[in-house]
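# Summary of structural features
Next come the chains, spelled out residue by residue.
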Amino acid sequence: MKNIFLLLILFLIGTPVFSQELVKSPEPFGPLPTQKQIDWQEMEFYAFVHFSLNTFTNKEWGYGDESPQLFNPTNLDVRQWARIVKAAGMKGIILVAKHHDGFCLWPSAYTERSVKNSPWKNGKGDVVKELAEACKEYNLKLGLYLSPWDRNHAAYGKPEYITYFRNQLKELLTNYGDVFEMWFDGANGGDGYYGGANEIRKINTLEYYNWDETYKLIYKTAPKTLVWGVGPSEARWIGNEEGRAGKTNWSLLRQKDELAGKVHYTEFMSGHEDGEKWVPGEADVSIRPGWFYHAVEDDKVRSLDEMVDIYYESIGRNATLLLNLPVDRRGLVHENDEARLKELVSTIKADFKTELLAGTKVSADNIRGNSALFTAKNVTDGDKNTYWATDDNVKTASITFEFDKPTAVNRILLQENIALGQRVKAFNVEVKVDGKWKAVANETTIGYKRILRFDRVTASALKVNITHSKASIVLSNIQAYNAPVYVRMPEIQRDKNGDVTIKSEGGNPVYYSLDGKNPTKNSILYKGTFQYKKAGQIKAVAINTQENVSSAVKTAKYGVSKENWKIVTASSGDLRQADRIIDGNPNTEWSFGNDSNKLPQEITIDMGSVLSLNGFTYLPQQIGNNLNLISNYEFYSSMDNVKWTLQSQGEFSNIKHNPIEQIKTFKKTKARYIRFVAKSAVGKGATVSIAEINIIEQ
């Protein structure tokens, strides 16, 4: 009897262990990432560097006829690039080795259009080699951009160019060590030099390059390289050049449809829930308006407000962030860009300084097989390889974190174990305040990483409710933080009559200055609209008086107000509404040109007095899906509205994907009248729009 009793005890003790061993891990669900793709996504944040002939010609897209002799940086230091990138916590650098103009930053054996025919280092230099060595020194990964389009090459559009293109690929993938990402731009075909032909060459991007064979070459030559962009790629463009992923962002893509031309690029922001292939998104953006360096943009570096939003709306929305640093003519990352990057890093580090959930009591209403292998505590153990999982038939569940004492919180970070697929389709977050649950977020996808910002709340507990998962729930990490109060810069706007209005978020008081000095609490308190008609700058700061925290300083530069500007003539369009392009409001627009009045179309403006100018700006329409963008232009000036002088002409490069204010400079001149000519539109449109035309005053 005693032996039977002992056996029974041993059986009861051993049963949980035996049952635990029988609990199987969740089966993978749907399309899955490769280990290469997982490693790539875990990089999260890395740099883009645009630096080439365009840097010295002040262009965004070179035509292909520029002389290699123009490439002559005075103080090129790739170690400075690497140092700045490393200090920012970025994990790699993707260098534009060849842009659309065909100039190569390495001494390619297949063309004379490279650094070997530039005065830099007497033609003996190799930017790619120097950067590869700097990346090794700073423990950064090297990526390369090679433009498929070549506006210089005589054979572009013909089969022999593909051989040339692939030969250059081999050079880059075999001579410089491991390349973590090969970047293929989607801009392909159009006008160019083409060996002196000076013509338009159209190609079918999906067919001309025979991407299947090109990819086979890459994987055979460099199997560790992830390929981005055109063709059957392993990562996708996020669908804009603003660095923003959609709130809903699937790492899946209907790539077969994409390769058949059935997917519009705007769909890339969110991916496809029903996609058949794992193709995660990469959000690319430049720290300045342009991709290449332009001195006129030295004071137009993206604001800290915008950079912080970009971080949260890229990395925080299941994408990686590729941030461009346009190297200047010296061959250095500009001081203003480095300063803004440091501010961004400081802000993000402060936001995620102290994690709040590691010491909480964690529970879930379902644990897979009641096994310790899949316990709720796994989401707070700091181990990316462990995870909380539910039973196969459980696709809605809650996980709760109880604090020892009421705790302030305003950030939450969640991660799925993407090695098993992306599953969560909808979730919400609740906090317990004074014994009652309160919703603070209601969202859709999670994926590799999702970060939410919400108003600070002091809670005794926090709960994540997965309300819709496509399969059993598999979460590897949940964290919460209490980020410092962040005060956004005020918005400054001046209309054509010189009336200035300033707005701040949350009604924070605003102080401003007109003397060029940074404003403080001792500066002028903004109480309402005021007039400022002369040329100069207005600086303003918003202050949260409760927290005693200030925003960054907002600076707005203006020429003389446009109150005396008048529209003289327009070749088409409603002349009664044409003054919208000079009203100082970026959200109004005016259109001209149609099927009866084909492009080119022009508009003439009387500035009311003689002004000194050395450039102009064209702000495209900012609101709507069809922005009616202008691609090619001419700009004239006149003293008398009779004799006109052409001051600038050319293309607004890359405006289709980056419809920002276009800045064009020319030699200083005096004029009373200006004429803007829209020569052609993006796509085949007959109508074009203008939000605002401004001049740059000397």
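Higher on the page you've got the structure.
These numbers come from a predicted model, not from an experiment.

For the rest of this paragraph, the subject is the pairing of strand E30 (residues 601–619). Along E30, 14 of the 19 residues are buried, which leaves the element largely enclosed by surrounding structure. In this structure, strand E28 (residues 566–570) lies alongside E30, joined through four bridges in antiparallel fashion. By the bridge assignment for E30, threonine 569 is matched with threonine 604. The sheet contact formed by E30 and strand E33 (residues 662–681) spans 13 bridges and is antiparallel.

Next up on the list: helix H10 (residues 304–312). Burial analysis of H10 places eight of its nine residues in the buried class, which makes it a mostly covered element. Taken together, the buried positions of H10 are occupied by Leu304, Asp305, Met307, Val308, Asp309, Ile310, Tyr311 and Tyr312. Against strand E11 (281–286), strand E12 (319–324), helix H11 (335–351), strand E15 (397–416) and strand E18 (450–469) lie the buried residues of H10.

Here the focus is helix H2 (residues 35–43). All of the buried residues in H2 are Gln37, Ile38, Trp40, Gln41 and Met43. Phi turns positive, to about 65°, at glutamate 44, one or two residues after H2.

Evaluation of the coordinates by the stated rule reveals 46 salt bridges. The partner of glutamate 42 in a salt bridge is lysine 384, with the nearest N and O atoms 3.1 Å apart. In this pair, glutamate 42 is assigned in helix H2 and lysine 384 in the loop between strand E13 (361–364) and strand E14 (388–389), connecting sequence segments 342 residues apart. Relative accessible area serves as the criterion here: at 29%, glutamate 42 is assigned to the partly exposed category. The class for lysine 384 is exposed, based on a relative accessible area of 53%. The residue glutamate 338 makes a salt bridge to arginine 83 at a minimum N-O spacing of 3.5 Å.

Turning next to the packing of aromatic side chains. For any pair of aromatic rings, the description consists of the separation of the ring centres together with the inter-plane angle of the planes. Enumeration according to the criterion identifies 43 aromatic pairs in this entry. Between the aromatic rings of tyrosine 161 and tyrosine 164, the centroid separation amounts to 5.6 Å while the plane-to-plane angle is 45°, which identifies the pairing as tilted. Placement of both tyrosine 161 and tyrosine 164 in helix H6 (residues 159–174) is noted, with a separation of three residues, approximately one turn of the helix. By relative accessible area, which is 0% here, tyrosine 161 ends up buried. Aromatic pair phenylalanine 184 and tyrosine 215: ring centres 6.5 Å apart, planes at 55°, arrangement tilted. One end of the pair, phenylalanine 184, is in strand E4 (residues 181–184); the other, tyrosine 215, is in helix H8 (residues 211–221), with 31 residues separating them in the sequence. The burial state of phenylalanine 184 is the same as that of tyrosine 215; both residues are buried. These aromatic residues form a ring-pair network of at least three members: Tyr156, Tyr161, Tyr164, Phe165, Phe184, Tyr194, Tyr208, Tyr209, Trp211, Tyr215 and Tyr219. In this arrangement the basic side chain of lysine 562 is found over the ring face of tryptophan 565, its NZ or CZ atom lying 5.1 Å from the centre.

By definition, the strands of a sheet pair up through backbone hydrogen bonds, in either a parallel or an antiparallel sense. Here we have eight strands laid out as an open sheet, ordered E7-E4-E3-E2-E1-E12-E11-E8, and parallel in their pairing. Looking at strand neighbours, the two that pair on one side only are strand E7 (226–229) and strand E8 (236–237), the edges of this open sheet. Here four bridges tie E4 to E7, and the two strands are oriented parallel to one another. Note that in E7 the partner of methionine 182 across the bridge is valine 227.

Core analysis: the biggest nonpolar cluster contains 84 residues, and Phe71 and Trp81 have the highest contact counts within it. Counting residues per element, this core draws most heavily on H6, which supplies seven residues. In contact with phenylalanine 71, not counting residues within four places along its chain, are Phe51, Ser52, Leu53, Phe56, Phe103, Leu105, Val115, Ser118, Pro119, Trp120 and Val127.

Our focus in this paragraph is the environment of glycine 435. Looking at where glycine 435 falls in the secondary structure, it is placed in the loop between strand E16 (424–433) and strand E17 (436–443). By relative accessible area, glycine 435 is classed as exposed at 56%. A sequence separation of 65 residues divides glycine 435 from valine 500, and the C-alpha atoms of the two residues are 48 Å apart.

Definitions and limits used
Residues numbered from 1 in each chain as written. Predicted model: local features only at pLDDT ≥ 70, side-chain atom pairs only at ≥ 80, totals over all residues. Heavy atoms only, no water. Buried < 20%, exposed > 50% of the residue type's maximum accessible area, 1.4 Å probe, protein only. Helix = DSSP H or I, 4+ residues; strand = E, 2+ residues; numbered from the N terminus. Pairing = 2+ DSSP bridges. Contact = heavy atoms within 4.5 Å. Salt bridge = Lys/Arg side-chain N within 4 Å of Asp/Glu carboxyl O. Phe/Tyr/Trp six-rings, centres within 6.5 Å; stacked < 30°, edge-to-face > 60°. Lys NZ or Arg CZ within 6 Å of the ring centre and 35° of its normal. Core = buried A, V, L, I, M, F, W, Y, C linked by side-chain atoms within 4.5 Å.

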